[in-house]
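Tertiary structure, described
For reference, the chains in residue letters:
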Amino acid sequence: MTGAAPANHPTRTLPGWSSVLAVVAHPDDESFGLGAILDSFGRAGSQVSVLCLTHGEASTLGPAGDLAILRAAELKNAAKELGVDSAVLLDHPDGALADVGRTTLTGDVLAQIKAAGADGLLVFDPSGVSGHPDHAAATAAALAAARCVDLPVLGWTVPRTVADRLNGEFGTSFIGHDPTDIDLVLRVDRQHQRIASLAHASQAVPTTVLWHRLDLLGDEEHLRWLRRQAVTVTAGEVKDSTAMIRVDHRSGDRFGIRIRNHVLSVDQPIDAGGEDTAPTPTELFVASLTSCVAFYARRYLHRHHFDTTGLVVDASFQLANKPARVDRIDITIRLADDLPPVRRDALLAVARHCTVHNSITTPPDISIDLHPPTPPS
């Protein structure tokens, strides 16, 4: 059974990264743009690091003199206000990041990922948000580095309505996103962000668009997943390991499950208090393993030019208590035509390393929480 694709439902909880690295182009980007988000990560217990790729020496704001030295000092003070554990400032040319070799910038980000032990990256949206090409170049380098080490990346953005209003009032070039494109709407406290922004005294002039943008955003920041960690497997199946599945209560013990634009159901047998209108969650669990084995078997057969007609995979399972669990699963792959012994062993090796089987034998970290969270006492 299929249905219309569900509307995007943004989450309000930051990922539980123990260490987050923000990659930005200029001193003040970490405060003007990402300040409230970095503060939120720190409040949640994450170690927060910032990699800034330029000294911001090309700014047309600020007093005469060596702006690179001044802005380095401002970054240090702002980072302290935001609770940043480490702020690394590089000396690539301000206003010309796009001219720096991508390999060089990516290497810089990779080095800092290693130094910070980062679990994820925080960056500006690929558009640069304000339209500045340095912002876009910094994000492109961060994404390239994240692909090298399979790290997730969150991109800061603003709602399209806010971008349009700023552009209309200030003649700026902000690029926003519609609500359907936004994955996380975060409630923030802007106190430390505002103080950190003021630490960039050479840039935070009273008439800057920054202050009006913060007023328009209120106590919310908006983020998009630019990259999520992927699981890549030998049979060619590549799936997003953090894809959203939503389960809605319907009646009794019956629930609807939305997976992309597909709708499934689960229920309980009549003797367990349900109406037996659909499989149980446990049966779907075993079915997911069985169908994953079938998928890998079929891909193997097709790749080696064997007939897949008549391929059937059967499964049976047993339950146990203390704790309640599936205690044993027996799966049998049935083929219409026999295979040479060497191919039989190879097919079984492939099937035994399907994504679901790997997820059972190498169990994932599972977080179960309650939303909204319990307020502190």
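This is a predicted model, so every value here is computed, not measured. (Residues numbered from 1 in each chain as written. Predicted model: local features only at pLDDT ≥ 70, side-chain atom pairs only at ≥ 80, totals over all residues. Heavy atoms only, no water.)

**Thoughts on the pattern of salt bridges**
Applied cut-off: By definition here, a salt bridge exists when the distance from a side-chain nitrogen of Lys or Arg to a carboxyl oxygen of Asp or Glu is within 4 Å. Exposure categories follow from relative accessible area, calculated using a 1.4 Å probe and restricted to protein chains: below 20% of the type maximum is buried, above 50% is exposed, and the middle band is partly exposed.
For the structure shown, the criterion picks out 15 salt bridges. In this structure, Asp-327 and Arg-325 form a salt bridge, with 3.5 Å as the shortest nitrogen-oxygen distance. For Arg-325, a relative accessible area of 33% translates into the label partly exposed. Each of Asp-39, Arg-43 and Asp-189 takes part in a single network of salt bridges with overlapping partners.

**Section: the packing of helix α6 (residues 160–170) against helix α8 (residues 209–217)**
Stated precisely, the cut-off is as follows: Throughout, an axis means a line fitted to C-alpha atoms (over the contacting stretch in the case of helices), and angles, computed between N-to-C directions, take values from 0 to 180 degrees. Secondary structure elements are defined from DSSP: runs of H or I of at least 4 residues count as helices, runs of E of at least 2 residues count as strands, and each element is numbered from the N terminus. We call a crossing left-handed when the near helix sits turned anticlockwise from the far one by less than a right angle, and right-handed when that turn is clockwise. A contact between two residues is defined here by any heavy atoms of the two lying within 4.5 Å. Each residue receives one of three labels: charged for Asp, Glu, Lys and Arg, nonpolar for Ala, Val, Leu, Ile, Met, Phe, Trp, Tyr, Cys and Pro, and polar for the others, Gly being one of them.
The interhelical angle for the contact between α6 and α8, taken along N-to-C directions, is 145 degrees, at an axis separation of 11 Å. For the pair α6 and α8, the sense of crossing is right-handed. Contacts from Val-162, Arg-165, Leu-166, Glu-169 and Phe-170 in α6 reach Val-209, His-212, Arg-213, Leu-216 and Leu-217 in α8. When grouped by side-chain class, the residues that make up the contact of α6 with α8 number 6 nonpolar, 1 polar and 3 charged.

**Quick look at the side chain of Thr-54**
The condition that has to hold: What qualifies as a polar contact is a pair of N or O atoms within 3.5 Å, subject to a donor-acceptor requirement within protein and to the restriction that residues adjacent in sequence count only when both atoms come from side chains.
Secondary-structure assignment places Thr-54 in strand β2 (residues 47–54). A polar atom in the side chain of Thr-54 sits 2.8 Å from the backbone oxygen of Ala-25. Within the local environment of Thr-54, its side chain forms a polar contact with the backbone nitrogen of Gly-56, the two atoms lying 3.1 Å apart. When neighbours within four sequence positions are excluded, Thr-54 is seen to be in contact with Ala-25, His-26, Pro-27, Leu-89, Leu-90, His-92, Pro-93, Asp-94 and Leu-97.

**Quick word on the sheet that holds strand β5 (residues 153–157)**
Where we set the bar: Should DSSP find at least two bridges between two strands, the strands are regarded as paired.
With mixed pairing, the 7 strands of this open sheet are ordered in space as β3-β2-β1-β4-β5-β7-β6. In the strand order of this sheet, the two ends are held by β3 (86–92) and β6 (184–187), each with one partner. Across this sheet, the average inter-strand angle for adjacent strands is 25 degrees, counted without regard to direction. Of the pairings in the sheet, the one linking β5 to strand β7 (residues 220–227) comprises 5 bridges and is antiparallel in character. Opposite Leu-154, over in β7, you have Trp-225 as the bridge partner.

**Concerning the nonpolar core**
The condition is simple: Among buried residues, the Ala, Val, Leu, Ile, Met, Phe, Trp, Tyr and Cys ones that are joined through side-chain atoms within 4.5 Å form a nonpolar core.
Leu-34, Ile-37, Leu-38, Phe-41, Leu-122, Trp-156 and Leu-223 are the most contacted members of the largest nonpolar core, which totals 35 residues. With sequence-adjacent residues up to four places away left out, Ile-37 is seen in contact with Leu-14, Leu-122, Trp-156, Leu-186, Glu-221 and Leu-223. Val-23, Ala-25, Val-109 and Val-153 belong to the second largest nonpolar core, which has 22 residues in total.

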